[in-house]
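One-letter residues, chain by chain:
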Amino acid sequence: MSEKELGKKWDRCLADGAIKFGTGLGLGIVFSVLFFKRHTWPISLCSGAGLGMAFSNCQNDLRSSYLLHRSQKVGLCNKTHSN
Amino acid sequence: YTAGGSSGAAKVVAAGLLTVGGGVGGTILYAKWDHKFRAAVENNVPYSDWLLGLALGPAYQGDIMKQVEMAQPPSMMDKPGKAPKGKKALKEPGSPAKETSPVPSQPAQKECKECQHHADPAVVAPHTELPLRERPVEEVAARLAQQDQKEQDTLSSSLEECLASSAKATLQAIGAQEAAVQAITQHIHKLKEAMEAEVPPPEKSSQWKDLEAALADRTSAVNDAETALLKAKEALDSLKSEIDKSKGLKVSAVRPLVLAAEENLHNMVVDLDRVVTKLQSAESESKIVSQYSDLVNEAKLQFQREVSSLTPEIQANWKGLTGKLSADDLNALIAHAHRRIDQLNRELAEQRVREQIHIDASLEQQKLEDQKALEKAVLTAVQHIKEDTRLEQERKLSELREVMEAEMRTQLRRQAAAHTDHVQDVLKVQEQELRADAEQVLGSKLLEQETSYRQLSQEQLDNFTLDMNTAYARLKGMEEAIDSHVVAEEEARKAHQLWLSVEALNYSLKMADADSPTMPLESAAQAVRDSCHDNDFALALATALPEESLQRGVYSEASLRARFNALRALVRRVALVDETHNSLYQYFLSYLQAALLFEAKQEAPPGQLCSEDLDPFRLLSYASFCLEHGDLELAAKLVNQLRGEARRVVEDWLTEARLTLETRQVVSLLSAYANAVGLGTTQAP
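Residues numbered from 1 in each chain as written. Chains lettered and ligands numbered in written order. Predicted model: local features only at pLDDT ≥ 70, side-chain atom pairs only at ≥ 80, totals over all residues. Heavy atoms only, no water.

## Topic: the UniProt feature "coiled-coil region" (unreviewed entry) in chain B
Residues and elements named next belong to chain B. According to UniProt, the feature "coiled-coil region" (unreviewed entry) maps to residues 222-249 and 327-354 in the numbering used here. Within the segment residues 222-249, helix and strand shares are 100% and 0% respectively, and the terminal C-alpha atoms sit 40 Å apart. Secondary structure over residues 327-354 splits into 96% helix and 0% strand, and the C-alpha atoms at its two ends are 38 Å apart. (UniProt positions renumbered as here; feature names shortened; annotations may be inferred. Helix = DSSP H or I, 4+ residues; strand = E, 2+ residues; numbered from the N terminus.)

Laid out in C-alpha cells, this is it:
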C-alpha cells in the first residue's frame, strides 16, 4: 500500500532520530566526562550532531523516491536523421 | 425697434414675393420653350394647366407635330414595304405568263396597267392594292389567252375579209386593166387597119364604125379600169391599214396570216402597177398611133380641102370618082399633087435640115420624159424591192421562228420524255420501298404474333414451374423452419447458459467484504469461457478480464470508498511536497497548511476542469463527492490529476480502482451481451 509508505518512513525517521540522539547524548556525556572536564558543550554537540544526522537521514529517506539512481539514468541521444 | 422690425419684415415679405414671382415667371417661360417640361408641370401641379393655358395658349401644336411625326415614319416604312411586295407579286404572274403563252408584250401591258394602279392607291391608301395584287397567276394567264384568242379571231376574220375584198377588187381592177389594154390594142389595131388598109367604102364605113365602137369600148374599158383601179387601191389601202392595225396589236399567232396578207397585198400592188404600166405603155402607144392617125386624118382633111378647094365640084367620097374625073381635074390634081410634092420636098429638106435640132429637141424631150419615167419606174421598183425584201425578211423571220418553235417543242418533248422516265423510275423505286416497308411490317407483325404465342405458352409453363417451385420452397421452408427452431432452441439454451454464467460472475463481483477483496474470479470466468466457446466476442471479453482480478479478486466500491476517506487526510498533509519541493521543511509547511486550510467536504465537480480545479484539496472534495454518488470512474479520473507526493501516496488506490473499474466494465459488457443474445433468441409471441 503506497499510503502506508509515508508512515513507515516517518517511523523509521523517528526511530532513527531517537537512536542517533540517544547515541549522541551518550557519546557526548562520555566525552564530556572523559575528555572535556564535564562541560556541557560536547553533550549538546554530539546530540545535535546525532539529531542532525537523523534529520539528514530522514530527509534523504523521504526524498529517495525522487532521486534518480545511477542504474536508472538513461542517455538522451539526438536523432541525427529526421523522420 | 418696431420701425426697424417692420421695415425688416417688409423687406422679408418683398423678398419672398419677388422670389415667388420669379419662380412662376421662369416656369412659364421654360414651359413655353420646352413642351415636355410643360406637360410634366401640368401633370404634377393641379391648376398649372389653367395658368399655362392662360399665359401661353393651349398646348396643341406640340401634340399635332408629334402625331405627324409618328404618322410619317410608319407610312414611309409602309411604302418601301409595299413596293417590293407589289413588284414581287407582279413578277409572279409575269413569268408564268411568259412561259405559258408567247405573249411578252401583253403581260408588259398588264404590268403597266398594274403599275399604274399600284402607283395611284399607294399614295392614298395601301389597302386597295390587295384585289390587284392577289390576282392569281392562272387567272391572268387564262384571261390573257382568252383575250389573245378573241383578238386573233377578230383580226383573222377582219384580215380575211379585207384580203378577200381587196383580192376581188384587185382582180377586178387587173381584169379591167387587162380589158382596157385589150381594148386599147384592139382600137389601135383597128385604127392602124383603118389607116393603112385600102378597103372599099362600105367596108371602110363599117371599119370606121368598128373603129368608133372600138374607141367607145376603149374609153369605157379605160374608165372601168380607172374605177376598178381606184376601188382596188381603196381596198388595198384598207387592207394595209388593217395589216398595220394588226401589226400594232402584236398578236403573233396571226403573224403568218399577216405576212400572207402583206405578201398578197404586195403581189396585188405589184400586179396592179404592172398592169398600170402596161396600160400606160399601151396608152402611150395608142397616143402615138392616135397622134399619127390624127396627123394622117389632118393631112387627109387638108388634102381633101385642098382638093375640094381645087376641085370644088368633086364632093363626097373621091375614091368612088375614079372614072368621073376629067383631064383638067386630073391635071389640076396632078399639078396640085406636084405642088404638094414640091411642098413636101421642101418640107422634107427643111425637115432634114432641122432634123438634128428636132432630133436633139425630141431627144431632150424624150430624155426628160425618159428621166421622169425612169425616176417613176425606179421609185416604184425601189418600193417594190423594199417591200419584197421586207416581206422576205418577215417570211424568213417567221420561218426561223417556226423552226425555233419546232426545235423548242422537240426539246420540250425530250424533256417531257425524260421527266416521264424519271417519274417512272421514281415510281418504281417508291414501289419497291413501299413493298419493302409493307413486307417489313408484315414480318414484324407475324413475329409479334409468334412471340406473343410463345410468350403465352412459356408463361403457362412458367406458372406451372412457379407453382411447383413455390410448393417445393414451402416444403423446404417448413423443414428449414423446423431446423431453425431446433437451432434457435439450442442457441437459446446456450445464451441462457451464458447469461447464467455472467450472472454468476456479476454476483461474485458484488460479493465482497468491506475491506478484503472478492474471491478470485477465475472460476466464474472459466464458467463464462466454457459457455461461450463458439462466440468470439464473448470469448474476447472473457479473456479481457485483468489477471489480478482473476487471481486475487477486486475490491468493492465500498471498500475503496472507505480507503479513500482514509487516504484523504494523508493527501492533504503532503499536498505541498513534489519533486522539487521535498525537504523536511517543505513537509513541515505542508503539514501546517493541512492543519490550517479548510475545504468543502464534498463539492460537485464541474463539467470541465480549469487550472484552479487542479488544486489537491479541490480535487479531493470533487472525488469525495463522486465517490459518495457512486461514480468511481470520475473519482479515479479526478484523483489521477494529483501530482507529486500526493500522487505517490494514492498510486495503489488508483491501481485498485482501475482494476475494479476494468473488471466491472468487462462484466457489464458481458452481461449486456448475454442479455442481448438472450433477447435475440427469445421468440416473440
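Structure's up, so let's keep going.
## A short note on the interface of chain A and chain B
The partner chain B presents 20 residues to the 14 residues of chain A that form the contact. When chain A packs against chain B, the two sides together hide about 1,500 Å² of surface, and 58% of this comes from carbon and sulfur. The shortest N-O distance in the salt bridge between Arg 648 of chain B and Glu 5 of chain A comes to 3.0 Å. Counting every contact that joins chain A to chain B gives eleven residue pairs in polar contact (both at pLDDT 80 or more). Looking at the side of chain A that touches chain B, the elements with two or more residues in it are helix H1 (2-34) and helix H2 (41-63) of chain A. (Contact = heavy atoms within 4.5 Å. Buried area = accessible area lost by both parts, 1.4 Å probe. Salt bridge = Lys/Arg side-chain N within 4 Å of Asp/Glu carboxyl O. Polar contact = N/O pair within 3.5 Å; in protein donor to acceptor, adjacent residues only side chain to side chain.)

## Re the side chain of Gln 586 of chain B
Residue and element names in this part refer to chain B. Within the secondary structure, Gln 586 is located in helix H16 (residues 584-596). The exposure class assigned to Gln 586 is buried, which follows from its relative accessible area of 14%. Beyond its immediate chain neighbours, meaning those up to four positions away, Gln 586 contacts Leu 576, Val 577 and His 581. (Buried < 20%, exposed > 50% of the residue type's maximum accessible area, 1.4 Å probe, protein only.)

## Topic: the packing of aromatic side chains
According to the stated counting rule, one finds ten aromatic pairs over all chains in the structure shown. Consider the rings of Trp 10 of chain A and Tyr 591 of chain B, whose centres lie 5.9 Å apart with planes at 80 degrees: the pair is edge-to-face. Here Trp 10 of chain A is found in helix H1, whereas its partner Tyr 591 of chain B is found in helix H16 on a different chain. Ring geometry for Phe 35 of chain A against Phe 36 of chain A: centres 6.5 Å apart, planes inclined by 75 degrees, an arrangement best described as edge-to-face. (Phe/Tyr/Trp six-rings, centres within 6.5 Å; stacked < 30°, edge-to-face > 60°.)

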